[in-house]
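Observations on the model geometry
Here are the chains, one letter per residue:
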Amino acid sequence: QVQLVASGGGLVQAGGSLRLSCAASGRTFSSYSMAWFRQAPGKEREFVASIVSSLTRYADSVKGRFTISRDNARNTLYLQMSSLKPEDTAVYYCAARRSYSVPTEVSQYDYWGQGTQVTVSS
């Protein structure tokens, strides 16, 4: 089992950058597929990016602007967000799945962090 704690959210102007972090407990972090999802008010939770080993996957809406990475020695997942837009405003969640794959569906992930708010002003 793994516990996840997301951090790094905040208020930023359009065009700015933020880096989210997700600290994971447990000794087998490297064996988990990790992902970021986001949920805007009144909308369903949606896939942002996922990573396992060196394999990554991105939603079309963030491709070229966001970069997902992980530091297995620190048990930490990151999401570097650049060229932020007001439509990126949402609560961002990190998630984990014990497998070697990078699925995009919410239902495919077993563990979730508490979420961190990202607000992009125009």
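Predicted model, so just to flag it, every value in this text is computed and none were measured.

Attention now moves to unusual backbone geometry. Although it is not a glycine, S53 adopts a positive phi angle of roughly 55°. With respect to the secondary-structure elements, S53 resides in the loop between β5 (46–52) and β6 (55–58). S53 sits in the partly exposed class, given a relative accessible area of 43%. Its identity as a non-glycine residue notwithstanding, S83 has a phi of 50°, on the positive side.

Let us now look at the state of the cysteines. Scanning all chains against the criterion turns up one disulfide. With its sulfur 2.1 Å from that of its partner, C22 forms a disulfide with C94. Looking down the S-S bond of the C22 and C94 bridge, the torsion is 65°, so its handedness is right-handed. With C22 in strand β3 (residues 18–24) and C94 in strand β9 (residues 90–97), the pair connects residues that are 72 residues apart, well separated along the chain. Take C22: its relative accessible area is 0%, and that puts it in the buried class.

A word on the pattern of salt bridges. Applying the stated criterion to the full structure yields five salt bridges. The partner of D88 in a salt bridge is R38, with the nearest N and O atoms 2.9 Å apart. One end of the pair, D88, is in the loop between β8 (76–81) and β9; the other, R38, is in strand β4 (residues 33–39), with 50 residues separating them in the sequence. The exposure classification of D88 matches that of R38, with both residues buried. The partner of R65 in a salt bridge is D88, with the nearest N and O atoms 2.7 Å apart. With R65 in the loop between β6 and β7 (66–71) and D88 in the loop between β8 and β9, the pair connects residues that are 23 residues apart, well separated along the chain. Each of R38, E46, R65 and D88 takes part in a single network of salt bridges with overlapping partners.

With that out of the way, let us pick up the sheet that holds β8. Here we have four strands laid out as an open sheet, ordered β1-β3-β8-β7, and antiparallel in their pairing. Only two strands of the sheet have a single partner each, and these edge strands are β1 (4–7) and β7. Averaged over all neighbouring strand pairs, the angle between strand axes comes to 15°, with direction disregarded. Pairing analysis gives six bridges linking β3 to β8, with the strands arranged antiparallel. Considered in β8, the bridge of L20 is made with L79.

Right, let's talk about the environment of D71 for a bit. The residue D71 is located in strand β7 in this model. Residues D71 and A23, 48 residues apart in the sequence, show an inter-C-alpha distance of 9.9 Å. In this view, D71 contacts F29, T76 and Y78; residues no more than four positions away in its chain are not counted.

Calculation notes
- Residues numbered from 1 in each chain as written.
- Predicted model: local features only at pLDDT ≥ 70, side-chain atom pairs only at ≥ 80, totals over all residues.
- Heavy atoms only, no water.
- Helix = DSSP H or I, 4+ residues; strand = E, 2+ residues; numbered from the N terminus.
- Buried < 20%, exposed > 50% of the residue type's maximum accessible area, 1.4 Å probe, protein only.
- Disulfide = S-S within 2.5 Å.
- Salt bridge = Lys/Arg side-chain N within 4 Å of Asp/Glu carboxyl O.
- Pairing = 2+ DSSP bridges.
- Axes fitted to C-alpha atoms, helices over the stretch in contact; angles between N-to-C directions.
- Contact = heavy atoms within 4.5 Å.

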